[in-house]
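Notes for the structure review
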Amino acid sequence: MGQNGEVAVDVGGGGGNAEDKRGSGSASAASAVACPPADPQKPPVPLLHGFPFRRRVYPANAWKLAPRRKHGFHRPWHLLQVLSWLLFLFFFLVLLLILAPALPLTWEYVTYAVVGVGYVIMIGSNYKAAITDPGDPGIDQPNVNIYRDDGVPTAKCGVCDAFIRYESKHCKSCNKCIADFDHHCKWLNSCVGAKNYPYFYTFLTGTLAMMSYLLALCIYLFQESYAGEDRLARRLDERLNGMPMTNFRAAVGVIFFLGFVTEGLLLQLTHFHWQLHDRRQTTYEWILYDRKAMTRRNVLSALRAMTAEAAVEAADDAEDGAQEMDAMQRSGYSTATTDTTATRSTAATDDLNRSLNSQPPPPPLEDAAPPPEAPMEEPPAAGQPPTPPADPPPVAVASPSSDALSLVRLSSSESSA
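Residues numbered from 1 in each chain as written. Predicted model: local features only at pLDDT ≥ 70, side-chain atom pairs only at ≥ 80, totals over all residues. Heavy atoms only, no water.

**Some words on helix H7 (residues 245-279)**
How we decide: Only DSSP runs of H or I reaching four residues or more are called helices, and only runs of E reaching two or more are called strands; each is numbered from the N terminus. Multiply 1.5 Å by the residue count of a helix minus one, and that product is the helix's expected span.
Taking 1.5 Å per residue, 35 residues should reach 51 Å; H7 reaches 50 Å between its end C-alpha atoms and fits that length. Looking one or two places after H7, you find Arg280, whose phi comes out positive at around 55°.

**Observations concerning the packing of helix H5 (residues 197-227) against helix H6 (residues 229-239)**
Heads up, the rule is: To get an axis, fit a line to the C-alpha atoms, keeping to the stretch in contact for a helix; angles then go from 0 to 180 degrees between the N-to-C directions. Just so you know how the angles are binned, under 35 degrees is roughly parallel, over 145 roughly antiparallel, 65 to 115 roughly perpendicular, and the rest oblique. Every residue pair with non-hydrogen atoms within 4.5 Å of one another is taken to be in contact. As a working rule, the residues Ala, Val, Leu, Ile, Met, Phe, Trp, Tyr, Cys and Pro are called nonpolar, Asp, Glu, Lys and Arg charged, and the rest polar, with Gly in that last group.
The geometry of H5 relative to H6 is characterised by a closest axis approach of 5 Å and an angle of 110° between their N-to-C directions. The angle between H5 and H6 places the two elements in the roughly perpendicular class. Counting all contacts with H5, which are made through Leu221, Glu224, Ser225, Tyr226 and Ala227, the residues of H6 involved are Glu229, Arg231, Leu232 and Arg235. In the contact of H5 with H6, the residues fall into 4 nonpolar, 1 polar and 4 charged.

**So, the state of the cysteines**
Worth spelling out the cut-off: Two cysteine sulfurs form what is called a disulfide whenever their separation falls within 2.5 Å.
A complete count under the given rule lists 0 disulfides for this structure. The cysteine Cys160 is free of any disulfide, with Cys177 supplying the nearest cysteine sulfur at 3.6 Å.

**A closer look at the confidence of the model for the protein chain**
Inclusion rule: Scored from 0 to 100, pLDDT records how confident the predictor is in each individual residue.
With 63% of its residues at a pLDDT of at least 70, the protein chain reaches an overall mean of 74. Overall, residues 1-43 carries pLDDT values under 50, and its contacts beyond four positions in sequence, including any with other chains, amount to 65 contacts. Counted against residues more than four places away or in other chains, residues 395-402, with its pLDDT under 50, gives 2 contacts.

**With respect to the pairing of strand E5 (residues 162-165)**
Our working rule: In this scheme, strands are said to pair when DSSP sees at least two bridges between them.
With 4 bridges connecting them, strand E4 (residues 154-157) and E5 associate as antiparallel partners. Of the residues in E5, the one forming a bridge with Thr154 is Arg165.

**Brief notes about the packing of aromatic side chains**
We apply this condition: Note on aromatic contacts: the rings of Phe and Tyr and the six-membered ring of Trp form a pair at centre separations within 6.5 Å, being stacked when their planes are under 30 degrees apart, edge-to-face when over 60 apart, and tilted otherwise. Each residue's exposure class comes from its accessible area (1.4 Å probe, protein chains only) as a fraction of the maximum for that residue type: buried when under 20%, exposed when over 50%, partly exposed otherwise. Working rule: Lys NZ or Arg CZ, within 6 Å of ring centre, within 35 degrees of ring normal, means a charge sits over the ring.
For the coordinates displayed, the defined rule picks out 11 aromatic pairs. Ring geometry for Trp77 and Trp85: centres 5.6 Å apart, planes at 75°, overall edge-to-face. On the basis of relative accessible area, Trp77 is assigned to the partly exposed category, the value being 24%. Each ring, one from Tyr197 and one from Phe200, has its centre 6.1 Å from the other, and the planes form 45°; the classification is tilted. One end of the pair, Tyr197, and the other, Phe200, are both in helix H5, 3 residues apart, so they sit about a helical turn from each other. Under the relative-accessibility criterion, Phe200 is labelled buried at 3%. Feature note: the residues Phe73, Trp77, Trp85 and Tyr127 constitute an aromatic cluster, connected by ring pairs. If you follow Lys156 out to its NZ or CZ, it ends over the ring of Phe163, 5.3 Å from the centre. Directly above the ring of Phe181 sits Lys169, whose terminal nitrogen or CZ lies 5.1 Å from the centroid.

**Things to note about the side chain of Glu263**
Keep this limit in mind: Residues scored as positive are Lys and Arg, those scored as negative are Asp and Glu, and His as well as the terminal groups of each chain are ignored. Salt bridge criterion: a side-chain nitrogen from Lys or Arg within 4 Å of a carboxyl oxygen from Asp or Glu.
Of note, Glu263 is situated in helix H7. Here Glu263 is buried and forms no salt bridge, its nearest opposite-charge partner Arg279 lying at an N-O distance of 21 Å.

**Looking at the packing of helix H3 (residues 79-99) against H7**
Stated precisely, the cut-off is as follows: It is the rotation of the near helix from the far one that decides the hand of a crossing: anticlockwise by less than a right angle makes it left-handed, clockwise makes it right-handed.
Contact geometry of H3 with H7 gives a least axis separation of 12 Å together with a crossing angle of 145°. H3 and H7 meet at a crossing whose hand is left-handed. Along its contact with H3, which presents Phe90, Phe91, Val94, Ile98 and Leu99, the element H7 presents Phe248, Val252, Ile255, Leu258, Gly259 and Thr262. Residue classes in the contact of H3 with H7 are distributed as 9 nonpolar, 2 polar and no charged.

**Describing a negative patch on the surface**
Stated formally: Patch building starts from residues that exceed 30% relative accessible area and form no salt bridge, then joins like charges within 9 Å and nonpolar side chains (Val, Leu, Ile, Met, Phe, Trp, Tyr) within 5 Å. Here, Shrake-Rupley sampling with a 1.4 Å probe gives the accessible areas, and only protein chains in the shown set may cover a residue. Charged side chains are reduced to one point each, which is NZ for Lys, CZ for Arg, CG for Asp and CD for Glu.
On the surface, Glu309, Glu313, Asp316, Asp317, Glu319, Asp320 and Glu324 cluster together to form a negatively charged patch. For Glu313, the position within the fold is in helix H8 (residues 283-331). Residue Glu313 is classed as partly exposed on the basis of its relative accessible area, which comes to 45%.

**Concerning the nonpolar core**
Condition: Nine residue types can take part in a nonpolar core, namely buried Ala, Val, Leu, Ile, Met, Phe, Trp, Tyr and Cys, and a core is a set of them joined through side-chain atoms within 4.5 Å.
Membership of the largest hydrophobic core comes to 35 residues, with the highest contact counts inside it found for Leu95, Leu99, Tyr119, Phe200, Leu214, Leu236 and Phe248. Setting aside its immediate chain neighbours within four residues, Leu99 contacts Val94, Leu214, Leu217, Cys218, Leu221, Val252 and Ile255.

Right under this line is the structure:
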């Protein structure tokens, strides 16, 4: 952490200016990273990318030299982005040309109004989310820290060669740093950050509400095709050129299925972003946290597996030992061995006691006069060393007979046998 909260972090990897890389770099750098061709020989930009359309493929790390995307409508378009446009058009035509004319007159006008307002919100928010540039303001002024006076923690991006906010992240698809990066949305063909996140969430909720209204109309008309078949048949004859009831039911069923799938995906995505908003967390932060939690769960699972395996091995060893003990008891080997050892120990002890009792008692001690008192020693003269004390007389200790020692040795050898 430097002055004014600056952090020397290479966000994009590989420092240096992109223009310097295009210039007269070293031979090793030129051989490792193949620069794209000059403008006259530049291949045409494809219209679409994404499966099954292949995106422009750059050599290793040369994606850093790719052109920076300006917004979501910048070519090449993504396949999912074009698919979202087709779905908008399909449901719009279905609501106006099939479902609304089959309703009673009052509900028909209400449906036209709801579809008009809903599609204005959907298309407007989608357009604003895609056209808004979510890039960090620092990338417009390379090598200039525009956050220095504000005291905002910054980091140095080696690809953009600019000081950016610490919460920003470099996106490889857009090839620029995104302020408060959330995720790269392929349906918008653009990144979602702090600048366009409100438009993105408005688009999700508006589309979810429109799909809910479409499913409600499908359920009502399918029920009406059986309960009020005559009334519905007259409306079909007047407004849909006499469409057969069977074809109408099939069309409503297909529309309901497509709407139900779209509704489920939108509901899951909207609920997920609502949870993130409640936690004050971005999608990118949630992914990092989920990876750490997954790693922690994997480690704990491995430890539990190792502990369970060790417990199983210990239980197997204990069971084997118990089985061996039962087999020994059934064969009588353990009981016989124990009884024989006890009998031998008892016999050796009895022999030792008999041997000790057969020895004659020692003669009684005769009364003797008390030992004379030691004479008082005179203190040594000056300059002479003191006389050391005399050693005490040895004390006679009675030792057992040789027969008793032999019996003890015999009993110990039998016990060990």
